[in-house]
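Geometric and topological summary
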Amino acid sequence: MHRAYQTIIPTSNKYLQQKWDKSDYQRHRIKVQKATTVVNTRGPQTPAHLQVNLKKLQLEKERLAVIRRDNQILSRKLADIMSSNGTVDNWNNYANKSLNAEKRQRDLKQIAQENQAILHRITHCQSEYRRSRLDEEWEKVERLQKDIAHYPHRLKAAQKYQKKVCGGRVGDPMINKLPRKYTEEGCQQHGDPVEQHLVH
C-alpha cells in the first residue's frame, strides 16, 4: 500500500514518509481536541437566589405543617372515638341570637306609630262636601225634571207598583203616598187606588 501513497514532497522512501505523515496527522488531531477557546462564549452565571427558590421552599414547609397539624387533629379525634363508648356529641345547647334584633324592634315600633298617625288623620278628616248642599241641588234637579216632563212625574213607577198596592205591602213608597182610606178592603170597594190617584 505504501507504493501507492502519493507524497506531498519528493522522498526516497515512501514507506517511511507515509508513517511520518500519519504520525504528524495524529498529533495534529490530538492538539485540535485539546485546544481551548480564546473567546468566552459561555452564558452568564445564574444568581444564587434563582438557583434556590426560598419562597417556594417556605410555602412547601407551610403546606406540610398544615397537613401535619390536620393529621394530628384527626388522629386525636379517632383516638377519642376509640376510647369512648361511641356516643355522638351533636347537641346544640345555645340560644339563638340576632345581631340586629333591637334595630328591627325599633323599626317595627316606628312603623306602627306612623300607621296610627295615618289612621288618626283619616278617621278625623272632615269631608269637603256638604250634605245640605247636595240635597238642595238634587231637589233643584227634581224640579227641573218635573217642569220639562211631558207626563206626570213618576208615572212609570206608579204603574210598576200598581199590582202590588192591593197586596197590602207595608212600607211601599207608593202606598205611603196614597190616601189612608186605600186599604186592602178599599181596593175591593173603591177600585184601583193608583188609577184614581193618577186621575186626581
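Residues numbered from 1 in each chain as written. Predicted model: local features only at pLDDT ≥ 70, side-chain atom pairs only at ≥ 80, totals over all residues. Heavy atoms only, no water.

Things to note about the overall build of the chain
Convention followed: Every helix listed is a DSSP run of H or I at least four residues long, and every strand listed is a run of E at least two residues long, numbered separately from the N terminus. Think of it in three bands: with a 1.4 Å probe and only protein chains considered, a residue is buried below 20% of the maximum accessible area for its type, exposed above 50%, and partly exposed in between. Any two residues whose heavy atoms approach within 4.5 Å are treated as being in contact. Accessible areas in this description were obtained via Shrake-Rupley with a 1.4 Å probe; residue shielding takes into account the shown protein chains only.
Looking only at helices and strands, one finds ten helices and zero strands in the chain. Put simply, the chain runs from its N terminus to its C terminus through helices and strands in the order α-α-α-α-α-α-α-α-α-α. Out of the 200 residues in the chain, the part that is buried amounts to 6%. Nonlocal contacts in the chain, meaning residues at least 24 apart in sequence, comprise 20% of its contacts between residues at least 6 apart. Surface exposure of the chain reaches about 20,000 Å², of which carbon and sulfur atoms provide 54%.

A short note on the pattern of salt bridges
Operational definition: Should a side-chain nitrogen of Lys or Arg be within 4 Å of a carboxyl oxygen of Asp or Glu, the pair is scored as a salt bridge.
Inspection of every chain in the model, using the stated rule, returns five salt bridges. Between Arg 133 and Glu 137 there is a salt bridge, with its nearest N and O atoms 3.5 Å apart. Of this pair, Arg 133 and Glu 137 both sit in helix H5 (residues 131–148), four residues apart, which is roughly one turn of the helix. Accessibility expressed as a relative area gives 41% for Glu 137, which makes it partly exposed.

Thoughts on helix H3 (residues 54–83)
Defined as follows: Here the expected span of a helix is defined as 1.5 Å times the quantity of residues minus one. Identification of polar contacts relies on pairs of N or O atoms within 3.5 Å, with a donor-acceptor requirement for protein atoms, meaning one able to donate a hydrogen and the other able to accept it, and with residues adjacent in sequence counted only if both atoms are side-chain atoms.
With 30 residues, H3 ought to run about 44 Å at 1.5 Å a step, and its terminal C-alpha atoms sit 43 Å apart, in line with that. The N-cap residue of H3 is Asn 53: its side-chain oxygen and the backbone nitrogen of Lys 55 are 3.4 Å apart.

Brief notes about the confidence of the model for the chain
Convention followed: The score called pLDDT rates the predictor's confidence residue by residue, from a low of 0 to a high of 100.
Looking at the chain as a whole, its pLDDT mean stands at 78, while 72% of the residues score no less than 70. Helix H10 (residues 193–199) is the least confidently modelled element of the chain, averaging 46 in pLDDT, while helix H4 (residues 101–123) averages 94, the highest of any element. Within the model, the stretch residues 173–200 combines pLDDT values under 50 with 32 contacts to residues more than four positions away or in other chains.

As for the side chain of Gln 17
One can find Gln 17 in helix H1 (residues 14–34). The buried category is assigned to Gln 17, whose relative accessible area is 10%. Among all residues touching Gln 17, those that are not within four sequence positions of it are Tyr 5, Thr 7, Ile 9 and Thr 11.

Quick look at the environment of Ser 83
Looking at the element boundaries, Ser 83 is found in helix H3. For Ser 83, a relative accessible area of 60% corresponds to the exposed category.

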